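Residue-level listing of the chains:
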Amino acid sequence: MPLQYLHLSRLERNSHNGDISVTSRSECNAVDGPAYSLFEQAKSALNRSAGKQFGFFNADSEHQQLAGLINNWLAQALDFAGFASRSAQLLEQQLLPTEEPFSALLLTASETLAGRHYLYWLWLPEQDIMQTGSDLAPYSARMIAADKLQYALRLCVDEWQDSDSPKYLCCYASRGNKAFSEAFGRFGNFSEGLDTGEQTRAFLELVDDYSRQLPQEQAQPAKSLILDYCIEQDRIGQPVSLETLSGQLSSEQPAEFARYVRQHQQQPLEEIHTHRPSLKRYMRFFGRDDSLSISFSAERIGRDIVYDTASGALHIQQLPASLKTQLRDAAQKK
């Protein structure tokens with residue numbers, strides 16, 4: 001089974017600037033049933049997140065405890081329940097400078113997927129809710145908001161051990177609480193090593209250059225296929241594989257696109273970690289001011305939408321039917 005170990009700990013502070021309590025199980029949770037569902041929901045939320053960053057353990061930092069703890073577990077000096085409990089205690093130490101009350105579960109998991117070993121630390125917030133039993137008597141309970149993932153760390157163990165990769169760590173911290181984000185960053189000893197925005201922009205420039213050398217009737221379908229593949233990989237939280245994408249573009253020359261990209265990259269890469277905002281900007285042109293808002297698909301440029309750089313005018317030849325109706329009605333009233 002891909003999911004090998006799963007363990008839950010609760011970290012909680014009941015009052016402002018109060019003590020933090022940590023409650024951990026002495027044994028691992030089952031890797032099926034409700035606990036497995038929690039893990040899958042949280043992992044899916046991490047994969048979907050546009051705010052995740054890729055990086056590495058900061059070797060110059062004083063916060064090296066988590067890496068040492070992982071090595072102890074890999075050397076079998078700790079069982080997984082002990083490893084996960086110690087992880088929760090490390091996180092508690094980093095949360096001490098914060099002041100706000102909170103209640104959350106730390107889900108620690110080990111998974112093997114596509115031949116790679118991953119470790120996860122997923123912060124799942126809890127919410128107090130009211131429920132009723134069969135006798136319709138209300139009682140208080142806690143709901144785990146697994147899909148409202150706030151902080152997460154994922155380590156590709158194989159990549160960490162076997163290379164000097166700058167992206168074996170994936171870290172996500174939600175916006176809104178700087179103190180908690182910084183505490184989680186210290187816990188993970190995370191240092192950003194990959195500028196996904198710049199990498200995506202450079203890749204999309206190569207996509208434009210590649211499409212220009214294709215026959216006109218092939219250029220736009222090729223760009224659409226590339227973009228669709230990038231969007232799908234981003235949706236499931238996976239990088240763009242140049243080999244796979246190249247094979248989808250051409251069955252007759254399956255390595256052509258990958259070869260073109262590598263030849264023109266400053267540092268040849270096998271895969272691209274995409275940046276969602278950069279993909280969206282590539283997909284659409286948009287802009288607004290106080291009295292005008294306009295947005296359209298990038299593929300329409302040069303087809304039925306033309307921009308005159310000399311005059312700054314935008315010529316639109318095919319208007320949406322609803323807009324034409326509104327314009328016609330307005331002209332008739334005048």
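These numbers come from a predicted model, not from an experiment.

Q: When you look at the packing of aromatic side chains in this model, what are you seeing that I'm missing?
A: The relation between two aromatic rings is expressed through the spacing of the ring centres and the mutual angle of the planes. This model, assessed by the stated rule, comprises 20 aromatic pairs. Ring centres of Tyr151 and Phe184 lie 5.7 Å apart, and the angle between their planes is 25°; this geometry places the pair in the stacked category. Separated by 33 residues along the polypeptide, Tyr151 in strand E7 (residues 151–156) and Phe184 in helix H5 (residues 178–188) bring together distant segments of the chain. Given a relative accessible area of 4%, Tyr151 falls into the buried group. Given a relative accessible area of 3%, Phe184 falls into the buried group. One aromatic cluster in this structure is built from Tyr5, Trp73, Phe80, Phe83, Phe102, Trp121, Trp123, Tyr151, Phe180, Phe184 and Phe187.

Q: Where do I start with the pattern of salt bridges in this structure?
A: Where charged atoms from two side chains of opposite charge approach closely, those side chains can pair. In total, this model carries 14 salt bridges according to the counting rule given. Taking the shortest distance from any N to any O, the salt bridge between Glu159 and Lys167 comes out at 3.1 Å. Asp234 is paired through a salt bridge with Arg276; the nearest N and O atoms lie 2.6 Å apart. With Asp234 in helix H7 (residues 216–235) and Arg276 in helix H10 (residues 276–283), this residue pair connects regions lying 42 residues apart in the sequence. Accessibility classification places Asp234 together with Arg276 in one group, the buried group. Residues joined by salt bridges that share partners form a network here, namely Arg116, Glu159, Lys167 and Glu271.

Each value, and the rule that gives it
- Residues numbered from 1 in each chain as written.
- Predicted model: local features only at pLDDT ≥ 70, side-chain atom pairs only at ≥ 80, totals over all residues.
- Heavy atoms only, no water.
- Phe/Tyr/Trp six-rings, centres within 6.5 Å; stacked < 30°, edge-to-face > 60°.
- Helix = DSSP H or I, 4+ residues; strand = E, 2+ residues; numbered from the N terminus.
- Buried < 20%, exposed > 50% of the residue type's maximum accessible area, 1.4 Å probe, protein only.
- Salt bridge = Lys/Arg side-chain N within 4 Å of Asp/Glu carboxyl O.

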